[in-house]
Every structure is written in C-alpha cells, then in structure tokens.
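For reference, the chains in residue letters:
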Amino acid sequence: MTASPYPAQAHFFHVLGHPVRVRLLESLDERPMAARELLTVFGVPSTCPSRRLAILRRLGVVRSALHGSTAVYALRGRELPALMQAADSIRATLPAGPSERRRRRPPS
C-alpha cells in the first residue's frame, strides 16, 4: 500500500502560504541574494527573514551557499516561479475573498 501524497502537498502549500515567505520567494526569483540584502528589501527585524528562509530551506525550495562569511540564498529549480505565476493567474479569476472585499469597501 502506498502512502497518500496529500499530506505532503498540504504541508508544502501551508509553508508557502505566508505573505513574507511569498515575498522572499519573489525576491529570490529576481536573483540570488544575501540575507542582509533581503533585510533591506523587507525593512523588518533581522530574525524575520532568517527564520523564514530557514523554513523554506527545510522545505527544499531555497538553497544557500557560503561566499566568504556571507550566506547567499537562491531558489532551487525553476518550478516554483511557474507555480507562483499560476497561482496569480488563478487568483485573478476568482471572486474577491473577505480580505479583498474589505479593502475595496469605500470609506464611510
């Protein structure tokens, strides 16, 4: 009997389902970046991108390499940007969700 792939897929999408992680992946799609470069992109405390990058590394979608004493992060493979583009295309065709409806509401 083979194990179901659904729990692993659900975990994969759950990990990718955080706005900071999505933004990290989009930044790394442009080019490999050092952690300190990513800090300037985000303007957040230093532990935030580092913690998120560690999660993405454990998932296997980001890799890191040392260049001197600097860790440089990059996407592993080209499938993830295609998946993210597909998600954007699908999202654009869906009715507005609760958070999008709130943003579109005119001010009172």
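Residues numbered from 1 in each chain as written. Predicted model: local features only at pLDDT ≥ 70, side-chain atom pairs only at ≥ 80, totals over all residues. Heavy atoms only, no water.

(A) Up close: the pairing of strand E2 (residues 62-67). As paired elements, E2 and strand E3 (residues 70-75) share six bridges and run antiparallel to each other. Opposite Leu66, over in E3, you have Ala71 as the bridge partner. Following E2, the chain reverses through two residues before pairing antiparallel with E3; Gly68 in that reversal takes a positive phi of roughly 70°. (Pairing = 2+ DSSP bridges. Helix = DSSP H or I, 4+ residues; strand = E, 2+ residues; numbered from the N terminus.)

(B) Broad picture of the packing of aromatic side chains. The full count for this structure, using the stated rule, is one aromatic pair. Ring plane angle 80° and centroid distance 5.4 Å describe the contact between Phe12 and Phe13, whose orientation is recorded as edge-to-face. (Phe/Tyr/Trp six-rings, centres within 6.5 Å; stacked < 30°, edge-to-face > 60°.)

(C) Spotlight on the sheet that holds strand E1 (residues 33-34). Strand order across the open sheet formed by three strands is E1-E3-E2, with antiparallel pairing between neighbours. Edge strands, defined here as strands with exactly one partner in the open sheet, are E1 and E2.

(D) Fine view of the pattern of salt bridges. Per the counting criterion, the structure on display carries three salt bridges. We note a salt bridge from Arg91 to Asp88, for which the minimum N-O separation is 3.9 Å. Here Arg91 pairs with Asp88, and both are found in helix H5 (residues 79-93), just three residues apart, close to one helical turn. A relative accessible area of 46% means that Arg91 is categorised as partly exposed. Accessibility expressed as a relative area gives 39% for Asp88, which makes it partly exposed. (Salt bridge = Lys/Arg side-chain N within 4 Å of Asp/Glu carboxyl O. Buried < 20%, exposed > 50% of the residue type's maximum accessible area, 1.4 Å probe, protein only.)

(E) Seen up close, the side chain of Ser27. Residue position: Ser27 is located in helix H2 (residues 19-30). A relative accessible area of 9% places Ser27 in the buried class.

(F) Region of interest: the environment of Leu75. Tracing the sequence through the fold places Leu75 in strand E3. Relative accessible area serves as the criterion here: at 8%, Leu75 is assigned to the buried category. Non-local contacts of Leu75, meaning those with residues more than four positions away in its chain, are made with Leu25, Leu28, Asp29, Val61, Val62, Arg63, Leu80 and Pro81. (Contact = heavy atoms within 4.5 Å.)

(G) The environment of Arg21, seen in detail. Along the chain, the position of Arg21 falls in helix H2. Take Arg21: its relative accessible area is 10%, and that puts it in the buried class. Considered as a pair, Arg21 and Ile55 are 34 residues apart in the sequence and their alpha carbons are 8.8 Å apart. Sequence-distant contacts of Arg21, that is, excluding residues within four places in its chain, are made with His14, Val15, Arg52, Ile55 and Leu56.

(H) Seen up close, the pairing of E3. E3 sits mainly inside the fold: five of its six residues count as buried. With two bridges connecting them, E1 and E3 associate as antiparallel partners. Pairing of Met33 across the sheet is with Tyr73, part of E3.

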